[in-house]
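Here's the letter readout for the chains.
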Amino acid sequence: MKIIILAGGPEERQPDLSLFAGEKAVWAGVDRGVFYLLKKGIIPGCVFGDFDSVNRSEREWMASFNLPSFEYDSEKDKTDLELALDWALEQKPEQILLMGATGGRLDHELANIQLLLHGLEAGINIEIWDRQNKIALSAPGLHIIQQEPEFSYVSFLPFIGPVTGLTLKGFKYPLQDQYLPMGSTLCISNELVNKSGTYSFSGGILMLVKSHD
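Everything numeric in this text was worked out from a predicted model, so none of it was measured.

Trainee: Quick question: what am I supposed to make of helix H1 (residues 32-39) here?
Mentor: Note on helix geometry: an α-helix contains 3.6 residues per turn, so any two residues three or four positions apart are oriented the same way. When you tally the buried positions in H1, you get seven out of eight residues, the bulk of the element. When we look at burial in H1, the residues that qualify are Arg 32, Gly 33, Val 34, Phe 35, Tyr 36, Leu 37 and Leu 38. Taken together, the buried residues of H1 touch strand S1 (2-6), strand S2 (25-30), strand S3 (46-49) and helix H2 (56-63). Count one or two residues on from H1 and you reach Gly 41, which has phi positive near 80°.

Trainee: Honestly, a nonpolar patch on the surface in this entry has me stumped. Any pointers?
Mentor: Taken together, the side chains of Ile 43, Trp 61 and Phe 65 present a nonpolar region at the surface, about 270 Å² in accessible area. Within the secondary structure layout, Phe 65 lies in the loop between H2 and strand S4 (69-71).

Trainee: Even after reading the chapter, I still don't get the pairing of strand S11 (residues 196-201), so can you show me in this structure?
Mentor: Residues in a regular strand point their side chains to alternate faces of the sheet. By the bridge criterion, six bridges tie strand S8 (residues 141-146) to S11 in an arrangement that is antiparallel. Bridged to Ile 144 within S11 is Thr 198. The pairing of strand S9 (residues 153-169) with S11 spans three bridges and is antiparallel. Its bridge partner lying in S11, Thr 167 is registered against Ser 200.

Trainee: What exactly am I supposed to notice about the side chain of Thr 102 here?
Mentor: Note that Thr 102 resides in the loop between strand S5 (95-99) and helix H4 (106-114). At 2.8 Å, the side chain of Thr 102 forms a polar contact with the side chain of Asp 130. With sequence-adjacent residues up to four places away left out, Thr 102 is seen in contact with Gly 9, Pro 10, Arg 13, Glu 109, Ile 128 and Asp 130.

Analysis parameters
- Residues numbered from 1 in each chain as written.
- Predicted model: local features only at pLDDT ≥ 70, side-chain atom pairs only at ≥ 80, totals over all residues.
- Heavy atoms only, no water.
- Buried < 20%, exposed > 50% of the residue type's maximum accessible area, 1.4 Å probe, protein only.
- Helix = DSSP H or I, 4+ residues; strand = E, 2+ residues; numbered from the N terminus.
- Contact = heavy atoms within 4.5 Å.
- Patch = residues over 30% accessible without salt bridge, like charges linked within 9 Å, V, L, I, M, F, W, Y side chains within 5 Å.
- Areas by Shrake-Rupley, 256 points an atom, 1.4 Å probe, with all protein chains shown as cover.
- Salt bridge = Lys/Arg side-chain N within 4 Å of Asp/Glu carboxyl O.
- Pairing = 2+ DSSP bridges.
- Polar contact = N/O pair within 3.5 Å; in protein donor to acceptor, adjacent residues only side chain to side chain.

Printed below as a string of structure tokens:
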């Protein structure tokens, strides 16, 4: 099972949701993300939020769909997206995609990227996707990466560092047993030269970003 969660980030930063029309996935909407989904003709399986980012008429229109909802007060200890992610993790899917999680307020965007740590803790693949980027975290070990022509740039950043023993194979700029401290830009804008490659490391937590211009 795949769960796709659409949060309320700027609509222009969202991936093209029509690309997921044929996907067998459970959709969930968070706050204004619910409005965006319904506007695209996608009926979420459940919705989350305090809905402080929609106006009265929008909220009444959303309510007319009678969707299973988890509503919260605006004053709480977790963001709406984290609460939705908690629910998604309880379903034990194979993958969770977070969309509408970038752009807008920087504090929210940085916090949303940190939410990816919950996936490592649960052993569930969580990624953040927007129109320009795909973001994921990796634990130490050997990982296979597939080439995606539309996201040709591949960058590695230490998320919890330093990252030790980083080895890249099948890349334009290969590495062998590299030490990567926090703040390093050594691994920005690499590219795969084959359909697939590998990256491995022995310590730290690594952030992988696939991007296009």
